[in-house]
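Tertiary structure, described
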Amino acid sequence: MTKPANPIIAAIDTTDLSTAMRWSQQLNGQVGMLKLGLAFYLAHGAAGVRQVTEKPVFLDLKLHDIPNTVAGGVTAVLSLGAAMLTLHAGGGTAMIAAARNAAETAGGARPKLLAVTVLTSLSAEALAETGVADNPSQQVLRLAKLALKSGADGLVCSPLEVAMLRAEIGPEPLLVVPGIRPAGAAVGDQARTLTPREAIGAGADWLVIGRPITGAADPAQAAAAIAADLEQG
Ligand SMILES: O=C(O)c1cc(=O)[nH]c(=O)n1[C@@H]1O[C@H](COP(=O)(O)O)[C@@H](O)[C@H]1O
């Protein structure tokens, strides 16, 4: 696919509607897309999404349930016209296939289904605690292959796995990458991070960036600085 002109997806992580609307206005033209996730959607639902922007959003609901329930969830949000929708790869083949089937039965444009592999907040130790003995990279590859053969259009992974995934799965699947920290930015709860330029250089299509933008005194300026740095890279 053609690379987006501006690969930054700003994560609008807030439960406050007016804050979300303000960030949306400030970042209009400074980022390639907005992401609305769990906290915002639980607080304001589909009506809130429509209030924040008329443009297609990345709807990050990380669906993870039995196939029938996930299919129902996909169907429920199709009318929003989202550009992307997340589900957990760990839900397995049947769940992902059911999501794809639900997305297609509506006909017309549908969101790209992105399978979340191993959360960027998980270190190797934290992953081991969940019972996965493999390192994050091995587990990401296992889940990536499962998700793509089951009907996912792309993957969410940390920047540390991007080069490995590109070598294994080729240029086509969308790689949407959170865990992005400009040099010097606070890491917070993220465990597997790289800078924007490193992530794009490794082969990411989109970068998901939240607090380094929304936590800045001037979010528009913070986004513009990252975009300018990427253009130089
Ligand atoms: O699916 C996601 O977007 C996601 C997956 C993941 O593994 N890690 C991750 O951080 N995210 C999201 O990406 C955003 C990262 O935000 P910051 O850490 O503030 O840049 C948040 O909205 C997370 O919900």
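Here is what the cut-offs are and how they apply
Residue numbers restart at each chain and count upward from 1, following the sequence in its written direction. Predicted model: local features are reported for residues with pLDDT of at least 70 only, side-chain atom pairs are reported and counted for 80 or more only, and whole-chain, interface and lining totals are derived from all residues. Residues of type Ala, Val, Leu, Ile, Met, Phe, Trp, Tyr and Cys that are buried and joined through C-beta atoms within 7 Å form what is called a nonpolar core. Partly exposed residues are those whose C-beta has more than 12 but fewer than 20 other C-beta atoms within 10 Å; with 20 or more the residue is buried, with 12 or fewer it is exposed, and the C-beta atoms are placed from the backbone. Every helix listed is a DSSP run of H or I at least four residues long, and every strand listed is a run of E at least two residues long, numbered separately from the N terminus. It is the C-beta atoms, placed from the backbone, that decide contacts: two residues are in contact if theirs lie within 7 Å. UniProt positions are given in the numbering used here, feature names are shortened, and annotations may be inferred rather than shown by experiment. Residues are classed as near a molecule or strand if the C-beta position derived from their backbone is within 6 Å of it. Charged residues are taken to be Asp, Glu, Lys and Arg, nonpolar residues to be Ala, Val, Leu, Ile, Met, Phe, Trp, Tyr, Cys and Pro, and polar residues to be all remaining types, Gly included. In this analysis, strands are considered paired if DSSP registers two or more bridges between them. Throughout, an axis means a line fitted to C-alpha atoms (over the contacting stretch in the case of helices), and angles, computed between N-to-C directions, take values from 0 to 180 degrees. Angles are sorted into four bins: roughly parallel if under 35 degrees, roughly antiparallel if over 145, roughly perpendicular if 65 to 115, and oblique for all others. In this scheme the handedness of a crossing depends on how the near helix is turned from the far one: anticlockwise by less than a right angle means left-handed, clockwise means right-handed.

1. With respect to the nonpolar core
- Counting residues in each nonpolar core, the largest one holds 68 residues, and the members touching the most others are Ala 10, Ala 99, Ala 115, Val 177 and Leu 207.
- Sort the elements by how many residues they give to this core and helix H4 (residues 93–105) lands first, with six residues.
- Excluding its chain neighbours within four sequence positions, the residues that come into contact with Ala 115 are Leu 87, Ala 89, Ile 96, Leu 143, Ala 147, Ala 152, Leu 155 and Val 156.

2. Examining the UniProt feature "domain: Orotidine 5'-phosphate decarboxylase" (unreviewed entry) in the protein chain
- Summarizing the sequence annotation, UniProt attributes the feature "domain: Orotidine 5'-phosphate decarboxylase" (unreviewed entry) to residues 7–226 in the numbering used throughout.
- Secondary structure within residues 7–226 divides into 45% helix and 17% strand; the distance between the first and last C-alpha atoms comes to 10 Å.

3. Some thoughts on the site of the ligand
- The environment of the ligand is made up of 18 residues, and the closest members are Ala 11, Thr 120, Pro 178, Gly 210 and Arg 211.
- At the level of elements, strand E8 (206–209) and helix H9 (211–214) are the ones that each hand at least two residues to the shell around the ligand.
- Considered class by class, the residues forming the shell around the ligand number eight nonpolar, seven polar and three charged.

4. Topic: the sheet that holds strand E1 (residues 8–12)
- Taken in spatial order, the eight strands close into a barrel running E1-E2-E3-E4-E5-E6-E7-E8, and their pairing is parallel. Each neighbouring strand pair of the sheet contributes to a mean axis angle of 25°, computed without reference to strand direction.
- Pairing between strand E7 (residues 174–177) and E8: two bridges, direction parallel. Pairing of Val 177 across the sheet is with Leu 207, part of E8.

5. What to know about the packing of helix H3 (residues 67–77) against H4
- Contact geometry for H3 and H4: axes closest at 8 Å, N-to-C directions at 30°. As judged from the angle between their axes, H3 and H4 are roughly parallel. Considering the relative orientation of H3 and H4, their crossing is right-handed. Across the interface between the two elements, Pro 67, Asn 68, Val 70, Ala 71, Val 74 and Thr 75 of H3 pack against Ala 94, Met 95, Ala 98, Ala 99, Asn 101, Ala 102 and Ala 103 of H4.
- Counted by class, the contact of H3 with H4 contains ten nonpolar, three polar and no charged residues.

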